[in-house]
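Analysis of the macromolecular model
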Amino acid sequence: YVYGEPQYFATAMPTRTGAIPLVVKSYEGRPVKIEGNALYPGSNGSTDRYAQASILDLYDPDRARHFKHDGKEVSREVALSFLDDLSKKFAANSGEGLAFLAESSTSPSRARLQKDIADKFPKSKWFTYDAIDSGIHQRAATQAFGQPVKPVFHFDKAKVILSLDCDFLGGEDGAHEHIRKFAAGRKVEQGMSRLYSVESLFTLTGANADHRLRVAASKVAEVAALISTWATSQGKEVPAPARDFESQWAFNCANDLLKFGKDALVVAGQRQPIEVHLLAHAMNSALGAIGSTMTLLPALETAQADLKNASVSDTLVIVGGNPAYNSPMPALHAKTQASPTIVRLGYYEDESASTTWKSQWLFPAAHYLESWGDALTSNGTLVPIQPLIQPLFGGITELELLAHIAGESQTNPYEIVHAELSSHGQIAAGTPDAEARQREEIWKRILFDGFYVPMATRVTVTKVVESLSDSSRLLAKTSDLKLSANNLEVIFFRDAKVDDGRYANNGWMQELPDP
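Keep in mind that what you see is a predicted model, and the values were worked out from it rather than measured.

**Concerning the packing of aromatic side chains**
- All told, the structure shown has 14 aromatic pairs when counted by the stated rule.
- Each ring, one from F100 and one from W126, has its centre 5.1 Å from the other, and the planes form 20°; the classification is stacked. Here F100 is found in strand β6 (residues 98-102), whereas its partner W126 is found in strand β7 (residues 125-128), with 26 residues between them in sequence.
- With a centroid separation of 5.7 Å and 35° between ring planes, the pair formed by W372 and W443 is classed as tilted. With W372 in the loop between β16 (360-364) and β17 (373-376) and W443 in helix α14 (residues 432-449), this residue pair connects regions lying 71 residues apart in the sequence.
- The exposure class assigned to W443 is buried, which follows from its relative accessible area of 3%.
- Members of the aromatic cluster, connected to one another through ring pairs, are F153, F155, F168 and F182.

Below is the structure:
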């Protein structure tokens, strides 16, 4: 770098559901400001509050700084040697007794390493767990359409939007993209879209709604089933609405959805059960919105792990997060001599860095601004994650950790990501040297632009596979709930400032007002 001259690098911030393309300003070798990547198609350089504040986490003095074994500092070489020995140990018994607990990721390189681990250790277990269940949209779409897909919502194309407890302008993942798209559809000269919102909390989405219905969270399913009765009728005779306010509201909303058909959109929130999401997909399908205001992208089949019954007999590898704080996994709470050996990659020495287990190894995690990596955005675009600074405290990435455990010949995260990203794009047939030069140019172009747009990979579906016409099973779950002063309903929701707790040490986030 040149003293006094700022430099800018394209990278991305990985999230649970898709990375955010960024351009980061570096001043004299240190990243100082984060902005969105304006070259990324349709983004207009947008980010969210978490991305803006994430740079402060890079310089957090409370980060994990040392490799440790049972609370005592060890060298990096000793720690990595332990991982290599671990790989050899479980290669001998096909991975029996080995388990992994990781957060959700869209990284193609991590997906490849995960597959390599499954092939090498067929008896090992892999659990994916997030304190905030952001994967319900994908699971519901996969169940509804009979194949692994994830939905992409086009609020800019919708003329009528129904939100079923979905705070897509505030608390939902990808809100920064939804805000831009929703605003694009609210232009007076082009005909403003209309927003109906059914919700229990007062959210930013509800505040922007043209028509808002406040109901208990447990009653959202009942309203959704009521709207679905008319919205999916497709000319069939349906009962007339009752005279109460909720029924009349639902009837008018359904009529508006039917009026605009394929230009309508129904979305369900993360807090709602999967049945509400399935009803939303049934309405979108009946209205003809699939392929118009909602598209489907192919996705890897995933499931939120049921950790209450998960057992680990020998070694548990924790890849990120703080599961001892926010997960119900018995192995993390037993802390007895029979508990497994814990291998933990973590950003802090927190609850999951306890030294009361039988044996524990702590590997300090590198910040994404210190790491080589890759990820997919919410619409399936491939983005690189490139470091702007060497790890301040010698941390390692999850790719490096998993590569050592998998016994890979290449454990350098740069080489792992280089091999993945340079394999994309069109290569003209030629000599090996010529093809290698072409791949190197692809690699440089992806790093410079900060993204690679693949060929269109949308999934075409004709109808919902899951039968949703009979909503009786859904209504049965809510009909017996009688809320009163003696029978209250408690809602746990994603915090606007600290997310699931990971930003609790970030002073900038703590200063934000609660929306």
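After presenting the structure, the write-up continues.
**Here we look at unusual backbone geometry**
- We note that D70 has phi near 55°; this positive angle belongs to a residue other than glycine.
- On the secondary structure map, D70 appears in the loop between β4 (67-69) and β5 (72-74).
- Since its relative accessible area comes to 36%, D70 is described here as partly exposed.
- Located in the positive-phi region is D499, a residue other than glycine, with phi close to 60°.
- For D499, the position within the fold is in the loop between α15 (472-479) and α16 (507-510).
- Using a relative accessible area of 7% as the deciding quantity, one classes D499 as buried.

**Concerning the sheet that holds β6**
- What the 7 strands build is an open sheet, ordered β5-β4-β16-β15-β14-β6-β7; its pairing is mixed. The sheet is open, and its two edges are formed by β5 and β7, each paired on a single side. Taking the axes of each pair of neighbouring strands and ignoring which way they run, one obtains an average angle of 20° across the sheet.
- In this fold helix α2 (residues 76-91) packs onto β4, β5, β6, β14 (315-319), β15 (341-346) and β16, with an angle of close to 125° to the strand it touches most, β16.

**Remarks on the packing of α2 against helix α12 (residues 398-406)**
- Put simply, α2 and α12 touch, their axes get as near as 6 Å, and they point 45° apart. One element, α2, and the other, α12, form an angle in the oblique class. Only E400, L401, H404, I405 and A406 of α12 make contact with α2, whose side of the interface consists of R76, L80, L83, D84 and S87.
- Residue composition of the contact of α2 with α12, grouped by class: 5 nonpolar, 2 polar and 3 charged.

**Re the nonpolar core**
- Judged by nonpolar contacts, the single largest core of 38 residues is most densely connected at L83, V317, F363 and L401.
- The contacts of L401, once residues within four sequence positions are left out, are L83, V317, V319, L345, F363 and I396.
- Formed by 28 residues, the second largest nonpolar core is a distinct cluster that contains A225, W230, A254 and L279.

**Structural notes on the pairing of strand β8 (residues 149-153)**
- For β8, the buried fraction is high: 5 of the 5 residues fall into the buried class.
- Along β8, one buried face is formed by V149, P151 and F153 and the opposite face, lined by K150 and V152, is buried too.
- Taken together, the 5 bridges between β8 and strand β13 (residues 294-298) define a ladder with antiparallel strand orientation. Directly across from F153, in β13, lies its bridge partner M294.

**Side note on the layout of surface pockets**
- Computed from the structure, the second largest pocket encloses a volume of approximately 760 Å³.
- In terms of lining, the second largest pocket is formed by 35 residues, of which the most central are G171, R271, F493, R494 and D495.
- Sorting the residues of the lining of the second largest pocket by element identifies α1 (49-58) and α5 (175-184) as the ones contributing at least two each.
- Take the lining of the second largest pocket: its biggest share by element is 3 residues, from α5.
- Class assignment of the residues belonging to the lining of the second largest pocket gives a composition of 17 nonpolar, 7 polar and 11 charged.

Calculation notes
- Numbering of residues begins from 1 in every chain and follows the order in which that chain's sequence is written.
- Note on the predicted model: pLDDT of at least 70 is required for a residue's local features to be given, and 80 or more for side-chain atom pairs to be given and counted; whole-chain, interface and lining totals, by contrast, use all residues.
- Excluding hydrogens and water, the side-chain values take into account all heavy atoms of the structure.
- Between 30 and 60 degrees the pair is tilted, below 30 it is stacked and above 60 it is edge-to-face, where a pair is any two Phe, Tyr or Trp rings, Trp via its six-membered ring, whose centres lie within 6.5 Å.
- Put simply, DSSP H or I for four residues or longer makes a helix, DSSP E for two residues or longer makes a strand, and each gets a number counted from the N terminus.
- The cut-offs for exposure are 20% and 50% of the maximum accessible area for each residue type, with area from a 1.4 Å probe on protein chains only; residues under the lower value are buried, those over the upper are exposed, and the others partly exposed.
- By the convention used here, strands pair only if DSSP detects at least 2 bridges between them.
- For helices, the fitted line uses only the C-alpha atoms of the stretch in contact; every axis is such a line through C-alpha atoms, and the angle between N-to-C directions lies from 0 to 180 degrees.
- The contact criterion used is simple: two residues touch if any of their non-hydrogen atoms lie within 4.5 Å.
- When describing relative orientation, an angle under 35 degrees is termed roughly parallel and one over 145 degrees roughly antiparallel, while 65 to 115 degrees is termed roughly perpendicular and anything else oblique.
- Three classes are used: nonpolar for Ala, Val, Leu, Ile, Met, Phe, Trp, Tyr, Cys and Pro, charged for Asp, Glu, Lys and Arg, and polar for all others, with Gly counted as polar.
- As used here, the term nonpolar core means buried Ala, Val, Leu, Ile, Met, Phe, Trp, Tyr and Cys residues forming a set that is joined through side-chain atoms within 4.5 Å.
- As defined here, a cavity is a set of points on a 1 Å grid over the protein atoms alone where a 1.4 Å probe fits but cannot get out. A pocket is an open set with protein on both sides within 12 Å along at least five of seven lines, and residues line them when an atom is within 4 Å of a point.
- Grid points are joined across faces, edges and corners, and a volume is the space filled by probe spheres set on the points.

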